[in-house]
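A look at the structure
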Amino acid sequence: MNNFIGTVVRFVVSAIVLLVVGYLVPGFGRLTFFSAILAAIVIAALGWVIERLFGREVSPFGRGISGFIASAVVIYIAQWFVPGMRVTILGALLASLVIGVIDLFVPGNVLRSEPAGERNRERADDRR
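Attention here is on the structure that accompanies the text. (Residues numbered from 1 in each chain as written. Predicted model: local features only at pLDDT ≥ 70, side-chain atom pairs only at ≥ 80, totals over all residues. Heavy atoms only, no water.)

The next point concerns the overall build of the protein. The helix and strand tally for the protein stands at 5 helices and 0 strands. Ordering the α and β elements of the protein from the N terminus gives α-α-α-α-α. Residue burial in the protein is summarised as follows: out of 128 residues, 38% are buried. Split by element, the accessible area of the protein, about 7700 Å² in all, is 70% carbon and sulfur. (Helix = DSSP H or I, 4+ residues; strand = E, 2+ residues; numbered from the N terminus. Buried < 20%, exposed > 50% of the residue type's maximum accessible area, 1.4 Å probe, protein only. Areas by Shrake-Rupley, 256 points an atom, 1.4 Å probe, with all protein chains shown as cover.)

If you want it as structure tokens, here you go:
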């Protein structure tokens, strides 16, 4: 039950971030709350597919330039699945940047689709 609530909270926070991005980023159309929730789900699903196909380093959740570019591509592709979502290439790049910055300040794994235990294990491995 806790995992379900955590997932719901993660998607609601992601939707709110997408709503904010719609107001801040030129080339990223404003979304309704329903469209933002759907966009958050589609972006998470596309990110999961990319991570399974190409690995963690190339996924939208990866750090660095490859994660940034993968995130922009996922955001751009998501518009084809979400009614009312319109994004230019520049808008997707800027949205990826804004979401990346917000992700730095949001504690824990709110914007990410990985379990906290997996993330903590990776951090422990990095310290060794």
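What follows continues from the structure just given.
A word on the nonpolar core. One finds Leu18, Val21, Phe28, Leu31, Ile75 and Met85 to be the most contacted residues of the largest nonpolar core, which totals 25 residues. Listing elements by their share of this core, those giving two or more residues are α1 (2–24), α2 (33–54), α3 (65–78) and α4 (89–105). With 7 residues, α2 is the largest single contributor of residues to this core. If sequence neighbours within four positions are ignored, Phe28 has contacts with Leu18, Val21, Gly22, Ile75, Met85, Arg86, Val87, Gly91 and Ala95. (Core = buried A, V, L, I, M, F, W, Y, C linked by side-chain atoms within 4.5 Å. Contact = heavy atoms within 4.5 Å.)

A few words now on α2. Between its first and last C-alpha, α2 extends 31 Å over 22 residues, near the 32 Å set by a 1.5 Å rise per residue. Among all positions of α2, only Ser35, Ala36, Ile37, Ala39, Ala40, Val42, Ile43, Ala44, Gly47, Ile50 and Glu51 are buried. Just downstream of α2 lies Gly55, where phi reads positive at about 100°. (Expected span 1.5 Å × (residues − 1).)

Looking now at the packing of α2 against α3. The contact between α2 and α3 brings their axes to 9 Å, and the two run at 130°. Comparing their axes, α3 and α2 come out oblique. In this structure, the crossing between α2 and α3 has a hand that is right-handed. Two secondary-structure elements touch here, α2 through Val42, Ile43, Leu46, Gly47 and Ile50 and α3 through Val74, Ile75, Ile77 and Ala78. Looking at the contact of α2 with α3 residue by residue, the class counts come to 8 nonpolar, 1 polar and no charged. (Axes fitted to C-alpha atoms, helices over the stretch in contact; angles between N-to-C directions. Parallel < 35°, antiparallel > 145°, perpendicular 65-115°, else oblique. Left-handed = near helix turned anticlockwise from the far one by under 90°. Nonpolar A, V, L, I, M, F, W, Y, C, P; charged D, E, K, R; others polar.)

As a further point, take the packing of aromatic side chains. Going through the model one piece at a time under the given rule, you end up with 1 aromatic pair. Between the aromatic rings of Tyr76 and Trp80, the centroid separation amounts to 5.7 Å while the plane-to-plane angle is 75°, which identifies the pairing as edge-to-face. Judged by its relative accessible area of 27%, Tyr76 is partly exposed. (Phe/Tyr/Trp six-rings, centres within 6.5 Å; stacked < 30°, edge-to-face > 60°.)

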